[in-house]
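Here is how the chains run, residue by residue.
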Amino acid sequence: MSKKNNNKKDTSREVNISTKVHTDKVKSKVNGGVFVYTGAISVAQLAQALNIPSSDIIKFLFLKGKMITINTILDDELIGEICLEFGYDFQKKVVVEAENFEDLVIDDDPSKLQERPPVVTIMGHVDHGKTTLIDAIRNSNLVEGEVGGISQEIGAYQKEINGHKITFIDTPGHEAFTAMRSRGASVTDIVILVVAADDGVMPQTIEAIDHAKAADVPIIVAINKMDKPGADPDRVKNELMQHDVIAEEYGGDVICVEISAKKKQNIDVLLENILVVAEISELKANPDRYAMGTVLEASLDKFEGSKATLLVQNGTLKTGDYLVVGTSFGKARRMTNEYNKIVNIATPSTPVQIIGLTEVPEAGDRFMAFKDESEAKTIATKRKQIKEAKIKSKSSASSMEDLMNRAKEAQITNVNIIVKADSTGSAEAVKASLEKLSTEMIRINVIRAASGAITESDILLAAASDAIIYGFNVRPDAHTRAKALEEKVEIRLHRIIYALIEEIQAAMKGMQAPTYVDKILGQAEVRKLFKVSKLGTICGCMVIDGVVKNKCAIKVLRDGVIVYEGKIASLQREKDQAKEVRAGYECGILIENFNDVKEGDILEASEVVEEEIL
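**Observations concerning the overall build of the protein**
Working step 1: Assigned secondary structure in the protein consists of 15 helices and 34 strands.
Working step 2: When each of the 614 residues of the protein is scored for burial, the buried share is 47%.
Working step 3: When contacts within the protein are restricted to residue pairs at least 6 apart in sequence, those whose partners lie at least 24 apart make up 72%.
Working step 4: Summed over all atoms, the accessible surface of the protein reaches about 30800 Å², with 47% contributed by carbon and sulfur.

**Side note on the side chain of Asn337**
Working step 1: By the element assignment, Asn337 lies in the loop between strand S18 (328-336) and strand S19 (342-343).
Working step 2: A residue is classified by how much of its surface remains accessible, and Asn337, at 18% relative accessible area, is buried.
Working step 3: Engagement of the side chain of Asn337 in a polar contact is seen with the backbone nitrogen of Tyr339, the distance being 2.9 Å.

**Examining the confidence of the model for the protein**
Working step 1: Averaged over every residue, the pLDDT of the protein is 81; residues scoring 70 or more account for 81%.
Working step 2: The low-confidence segment residues 1-12, where pLDDT is below 50, has eight contacts with residues more than four positions distant or belonging to other chains.
Working step 3: Scored below 50 in pLDDT, residues 140-153 makes 20 contacts in the model with residues more than four places away or belonging to other chains.

**Looking at the sheet that holds strand S25 (residues 467-472)**
Whenever strands of a sheet pair, they do so through backbone hydrogen bonds, lying parallel or antiparallel.
Working step 1: Here we have four strands laid out as an open sheet, ordered S24-S23-S25-S26, and parallel in their pairing. Since the sheet does not close on itself, it has two edges, and those belong to strand S24 (443-451) and strand S26 (491-494), each with one partner. Across the sheet, the mean angle separating the axes of adjacent strands is 25° when strand polarity is ignored.
Working step 2: Here strand S23 (residues 414-421) runs beside S24; their pairing, made up of eight bridges, is parallel. The residue of S24 that forms the bridge with Asn414 is Arg443.

**Let's talk about the sheet that holds strand S11 (residues 219-224)**
Working step 1: Judged by pairing direction, the sheet is mixed, and its six strands sit side by side in the order S8-S9-S7-S10-S11-S12 without closing on themselves. Edge positions in the sheet fall to strand S8 (156-161) and strand S12 (255-258), since each of these pairs with one other strand and no more. Across the sheet, the axes of successive neighbouring strands diverge by a mean angle of 30°, strand direction being ignored.
Working step 2: Note that strand S7 (residues 119-124) and strand S9 (residues 164-169) share three bridges and pair parallel. Directly across from Val120, in S9, lies its bridge partner Phe168.
Working step 3: The strands that helix H8 (residues 233-241) touches are strand S10 (190-196), S11 and S12; relative to S11, the one it contacts most, it runs at about 145°.
Working step 4: Helix-sheet contacts for helix H9 (residues 267-281) involve S7, S8, S9, S10, S11 and S12, and the interaxial angle to S9 is about 100°.

**Focus on the side chain of Thr336**
Working step 1: The residue Thr336 is located in strand S18 in this model.
Working step 2: Leave out the neighbours within four places in its chain, and Thr336 touches Lys341, Ile342, Val343, Val352 and Gln353.

**A short note on the pattern of salt bridges**
Pairing between side chains becomes possible if they bear opposite charge and their charged atoms approach one another.
Working step 1: What the rule picks out here adds up to 25 salt bridges.
Working step 2: Of the charged contacts in the structure, one is a salt bridge between Lys420 and Asp458, with a shortest N-O distance of 2.8 Å. Highlighted residues: Lys420 in strand S23 and Asp458 in helix H13 (residues 456-465), separated in sequence by 38 residues.
Working step 3: Between Arg558 and Asp601 there is a salt bridge, with its nearest N and O atoms 2.7 Å apart. Taken together, the residues Arg558 in strand S29 (residues 553-558) and Asp601 in the loop between strand S33 (586-591) and strand S34 (602-610) connect sequence positions 43 residues apart.
Working step 4: Overlapping salt bridges bring together Asp210, Lys420, Arg448 and Asp458 as one network.

**Here we look at H13**
Working step 1: Within H13, nine of the 10 residues are buried, which leaves it mostly tucked inside the rest of the structure.
Working step 2: Buried within H13 we find Ser457, Asp458, Ile459, Leu460, Leu461, Ala462, Ala463, Ala464 and Ser465.
Working step 3: Of the residues trailing H13, Asp466 is marked for its positive phi of about 60°.

**A look at the packing of helix H2 (residues 43-50) against helix H3 (residues 54-63)**
Working step 1: Where H2 contacts H3, the axes come no closer than 8 Å and their chain directions differ by 120°. One element, H2, and the other, H3, form an angle in the oblique class. Between H2 and H3 the crossing geometry is right-handed. Residues Val43, Ala44, Leu46 and Ala47 of H2 pack against Ser54, Ile57 and Ile58 of H3.

**Details of the nonpolar core**
Working step 1: Core analysis: the biggest nonpolar cluster contains 27 residues, and Leu133, Phe168, Ile192 and Ile274 have the highest contact counts within it.
Working step 2: For this core, the leading source of residues is H9, giving seven residues.
Working step 3: Counting 22 residues, the second largest nonpolar core, distinct from the first, contains Val543, Ile591, Phe594 and Leu603.

**With respect to the packing of aromatic side chains**
Working step 1: Taken as a whole, this structure holds four aromatic pairs when the rule is applied.
Working step 2: Consider the rings of Phe35 and Tyr37, whose centres lie 5.7 Å apart with planes at 15°: the pair is stacked.
Working step 3: Classification of Phe35 by relative accessible area gives buried; the value is 0%.
Working step 4: On the accessibility criterion, Tyr37 (2% relative accessible area) is buried.
Working step 5: Aromatic side chains Tyr157 and Phe168 sit 5.4 Å apart centroid to centroid with 15° between the ring planes, which places their arrangement in the stacked category. Residue Tyr157 is found in strand S8, and its partner Phe168 is found in strand S9; the two are separated by 11 residues along the sequence. Each member of the pair Tyr157 and Phe168 is classed as buried.

**With respect to unusual backbone geometry**
Working step 1: You will see that Lys225, though not glycine, has its phi angle at about 65°, which is positive.
Working step 2: Mapped onto the secondary structure, Lys225 falls in the loop between S11 and H8.
Working step 3: We note that Asp559 has phi near 60°; this positive angle belongs to a residue other than glycine.
Working step 4: Take Asp559: it is sitting in the loop between S29 and strand S30 (561-573).

**Quick word on the state of the cysteines**
As used here, a disulfide is simply a covalent bond connecting the sulfur atoms of two cysteines.
Working step 1: The full count for this structure, using the stated rule, is zero disulfides.
Working step 2: Cysteine Cys539 remains unbridged, with the sulfur of Cys541 as its closest cysteine sulfur at 5.0 Å.

**Points about H2**
Working step 1: The complete set of buried residues in H2 reads Val43, Gln45, Leu46, Ala47 and Leu50.
Working step 2: Asn51 lies just past H2 and shows a positive phi near 60°.

**A word on the environment of Lys92**
Working step 1: Within the fold, Lys92 resides in strand S5 (residues 89-92).
Working step 2: Through-space distance from the C-alpha of Lys92 to that of Gly39 is 7.3 Å; in sequence the pair is 53 residues apart.
Working step 3: At 3.2 Å, the side chain of Lys92 forms a polar contact with the side chain of Asp76.

Calculation rules
- Residues numbered from 1 in each chain as written.
- Predicted model: local features only at pLDDT ≥ 70, side-chain atom pairs only at ≥ 80, totals over all residues.
- Heavy atoms only, no water.
- Helix = DSSP H or I, 4+ residues; strand = E, 2+ residues; numbered from the N terminus.
- Buried < 20%, exposed > 50% of the residue type's maximum accessible area, 1.4 Å probe, protein only.
- Contact = heavy atoms within 4.5 Å.
- Areas by Shrake-Rupley, 256 points an atom, 1.4 Å probe, with all protein chains shown as cover.
- Polar contact = N/O pair within 3.5 Å; in protein donor to acceptor, adjacent residues only side chain to side chain.
- pLDDT = per-residue confidence, 0-100.
- Pairing = 2+ DSSP bridges.
- Axes fitted to C-alpha atoms, helices over the stretch in contact; angles between N-to-C directions.
- Salt bridge = Lys/Arg side-chain N within 4 Å of Asp/Glu carboxyl O.
- Parallel < 35°, antiparallel > 145°, perpendicular 65-115°, else oblique.
- Left-handed = near helix turned anticlockwise from the far one by under 90°.
- Core = buried A, V, L, I, M, F, W, Y, C linked by side-chain atoms within 4.5 Å.
- Phe/Tyr/Trp six-rings, centres within 6.5 Å; stacked < 30°, edge-to-face > 60°.
- Disulfide = S-S within 2.5 Å.

This is the structure:
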């Protein structure tokens, strides 16, 4: 390509982003009968823009019961009413600051849009063949004459079939997938759900389904290990139906492909179906603009400095382009592909590794190319200042107080909730009860309802989905509670379903939440049991978290499920009665009116206090 052509293309990649929104004057106009504005304006400013007397606007609103003056700032609703009354249509133009380029709404000329490869993530339960499938696809992508396995320098690769490319991203599992999404980087177009035909749907399979649904991407099910004697694909499809993943042959819209990754059977069929889903999704992008995309991974190389793997999602990235990546900036001094070969351009859906950044960005950071170094440096500096200011007050998930406040302001459309209960029946009952509470203003969205203890996976999903976790007859362990605190995820614990329902109803109405809750003091693990004829069973325990107090309420947990709830009758430290025993110390606990304790049980001490959010 000639230098002249290069210059022409760079010009076409210009993107207009407002770096300053002036509030001292109206940036609007009436063109073709449409009043265009960018933000809140006063009565005087609107009257001037529409060329009508301010008194006419004041009179119109007075007759509607609204007392205003010429200096009153009008909201969007009033601006719309006034425009329609005086014969104008109206349109609010969203202005994006340059440092918030990830919020930029790209409205490309349809004639410039071109088909792009789908971006695919493979997920599934441990030992169901995810890695084997990835290896099978990689090996089938080897060019003739190469020896051995592919030399992967980055965690992404492409496969070409029938003249069309497919981009695959390696992730270590659901947690990385969700962590990336929680930073606002939804990079995946399609999820391949790998399920072993001889094992069926397992816990991590369900988690993968939840994460795919949270990301709102289509699922293709790869029923793997069809070469094994116990393979039963119909069983897999029936089990998937219980989680709203319904195969096409059962009347649903989910494609299921029966494969053997080990034998490399039907791999091409799977790839062809990916292209079918991609075609239906009409995945397109404009290559003739400055590149935008997401960081897949990053590291610090002692010889080459900051290295980052970028996925170009729109536009074209060129060697020499100036970039803002997260809060860092720099120049794409060198770009390499999955074979560690140097490339000069990267079009939409292409993963490349670059060097030349001032700092190591984080996985999930967004990036954008700019026309010169000065602009990139200025924007990166602003982004860093904004990030530092937000760190102090950062909160990843909703709290009950947030829910009530937003309900008062009528800003909520969806409330995401995760339900964990002591049984599947209880989980479904709680889910059904919650979903019935939905109104026109607020919709309750239960993104996961399952049996078992509250786990770290639940915390990560809640953080990524802005959800509140409700535990019904189950409890999180100390490690999970610590993770919840770290991610600022709220956990609400209940034993009575109507109390749970009333709490949600009160929050939806903007009322105060219940004043008193059950506060966890600590947990003790039962190590030994001593039978005493006159007293009952004394539990020899080690306090593993917090503190256990004499006479406090106690719950007996077995595999995360409550089997008994009562009170401590006696607490001993060595041979003496104790008021409390803290973590790291042994003690003897006698539970009032309960002797069916087993070694390994967890005794959770609690007390009723004023409401406390986990």
